[in-house]
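Structural overview
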Amino acid sequence: MPKRRRSKAFWKNFKFKYKLTIVNENTLEEIVGLRVSKLNGLSVLLSVLTVLFLIAACIIAFTPLRNYLPGYMNSEVRSQIVGNALRVDSLQQVLNRQNLYIMNIQDIFSGNIPVDSVQTLDSLTTVRKDTLMERTKREEEFRRQYEETEKYNLTSITSQPDVTGLILYRPTRGMVSDRFDAKKKHYGTDIAANPNESVLATMDGTVILSTYTAETGYLIGVQHSQDLISVYKHCGSLLKKEGDRVKGGEAIALVGNSGTFSTGPHLHFELWYKGHPVNPEKYIVF
């Protein structure tokens, strides 16, 4: 009962009207008289705030002021940014080609590259001296041994490794650009990545190969437990040498664009089990 009385008293006080009067001081004549209550005052205040909010919203929505809001950008500015980014990328490619050309010319003058190995001047802007050089005896011997060992088992890919309990790290950050396809003799997964991105060892192991070939560029191979071997090709540079012990997730090379088979910065990653290539995407989420 007391609560009900207090509630009625509150609403009565809230609705109680006061008289606001403007009086002439000399004649005491009432000029303006206005009856208001707390409820009326609150309603007027809310109405004014609503009108101000709508006006501000219209100004922001239909005037250039909206471009100053964080995260908002009109189509004109956006197209300019995209155009500038494309121009910067094009200029970077031109600069890289010029740098390659200058470095190759310097190597030709210094005698590091035979003049007769250069077929066209345009090739000096697209390849480095490694691909202009002849294959070394070590490279030829490695290729011969590798091809002799693997030519009888490349077509057999039925063996699948048991990776239960093993942790396989993603070799690098990037987007898959070409998938494993044994029919096309593409025995790995290509990952498009930024140049100089770290190449990580997929598991603990020992480096059994760290070399350079004309076709695959800088490559490194790691022997793991359970008869697994991982191979990383087209690297920009190698951080480990043969015989080094590496941990899973440890950087062993940098992403590059080396070798004649490479068409852009990427990593070609292969996983072998008992001499047979397996699809890396079955065991690693790229």
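These numbers were taken from a predicted model, which means no experiment stands behind them.

Rules used throughout
- Residues numbered from 1 in each chain as written.
- Predicted model: local features only at pLDDT ≥ 70, side-chain atom pairs only at ≥ 80, totals over all residues.
- Heavy atoms only, no water.
- Helix = DSSP H or I, 4+ residues; strand = E, 2+ residues; numbered from the N terminus.
- Buried < 20%, exposed > 50% of the residue type's maximum accessible area, 1.4 Å probe, protein only.
- Contact = heavy atoms within 4.5 Å.
- Areas by Shrake-Rupley, 256 points an atom, 1.4 Å probe, with all protein chains shown as cover.
- Core = buried A, V, L, I, M, F, W, Y, C linked by side-chain atoms within 4.5 Å.
- Polar contact = N/O pair within 3.5 Å; in protein donor to acceptor, adjacent residues only side chain to side chain.
- Pairing = 2+ DSSP bridges.
- pLDDT = per-residue confidence, 0-100.
- Salt bridge = Lys/Arg side-chain N within 4 Å of Asp/Glu carboxyl O.
- Patch = residues over 30% accessible without salt bridge, like charges linked within 9 Å, V, L, I, M, F, W, Y side chains within 5 Å.

Let's shift gears to the overall build of the protein chain. Assigned secondary structure in the protein chain consists of 5 helices and 12 strands. Looking at the 286 residues of the protein chain, the share that counts as buried comes to 28%. Of all intrachain contacts in the protein chain linking residues separated by at least 6 positions in sequence, the fraction that spans at least 24 positions is 57%. Surface summary for the protein chain: the accessible area is close to 19600 Å², and the carbon and sulfur share equals 58%.

Here we take up the nonpolar core. In terms of nonpolar packing, the biggest core is built from 21 residues, with Val 199, Tyr 232 and Ile 252 touching the most fellow members. Elements supplying a minimum of two residues to this core: strand S7 (217-223), strand S8 (228-238), strand S10 (251-255) and strand S11 (266-273). Counting residues per element, this core draws most heavily on S11, at 4 residues.

With that settled, the discussion passes to the side chain of His 224. Inspection of the secondary structure puts His 224 in the loop between S7 and S8. Residue classification places His 224 among the buried residues on the basis of a relative accessible area of 5%. Among the polar contacts made by the side chain of His 224, one reaches the main-chain carbonyl oxygen of Met 203 at a distance of 3.4 Å.

Relative to S8, S7 runs antiparallel, the two sharing 5 bridges. Paired with Gly 221 across the strands is Val 231, a residue of S8. Hairpin connection, S7 to S8: the antiparallel pair is bridged by 4 residues, and Gln 226 has positive phi, about 60°. Of the strand pairs in this sheet, S8 and S11 are connected by 6 bridges, and their pairing is antiparallel. Its bridge partner lying in S11, Leu 228 is registered against Tyr 273.

Low pLDDT marks stretches whose predicted atomic positions should not be read closely. With 76% of its residues at a pLDDT of at least 70, the protein chain reaches an overall mean of 79. Per-residue pLDDT stays below 50 along residues 154-158; that stretch engages in 7 contacts with residues further than four places along the chain or on separate chains.

Throughout the structure, instances matching the rule amount to 5 salt bridges. As a salt-bridge pair, Arg 179 and Glu 281 come within 2.4 Å of each other at their nearest N and O atoms. A residue pair is termed long-range when its members are at least 10 positions apart, and Arg 179 in the loop between strand S3 (175-178) and strand S4 (189-192) and Glu 281 in the segment after strand S12 (276-278) qualify at 102 residues. Owing to a relative accessible area of 47%, Arg 179 belongs among the partly exposed residues under this scheme. Of the residues examined, Glu 281 reaches a relative accessible area of 27% and is grouped as partly exposed. A salt bridge links Asp 244 to Lys 241, with the shortest nitrogen-to-oxygen separation between them at 3.7 Å.

A word on the environment of Arg 35. On the secondary structure map, Arg 35 appears in strand S2 (residues 30-37). Taking the C-alpha atoms as reference points, Arg 35 and Lys 17, separated by 18 residues in sequence, lie 5.9 Å from one another. Discounting residues that sit within four places of it in the chain, Arg 35 has contacts with Tyr 18 and Lys 19.

Turning our eyes to something else, we now look at a nonpolar patch on the surface. A surface patch of nonpolar side chains, amounting to about 880 Å² of accessible area, comprises Leu 42, Val 44, Leu 45, Leu 46, Val 48, Leu 49, Val 51, Leu 52, Ile 55 and Ile 59. In this fold, Ile 59 is placed in helix H2 (residues 38-62).

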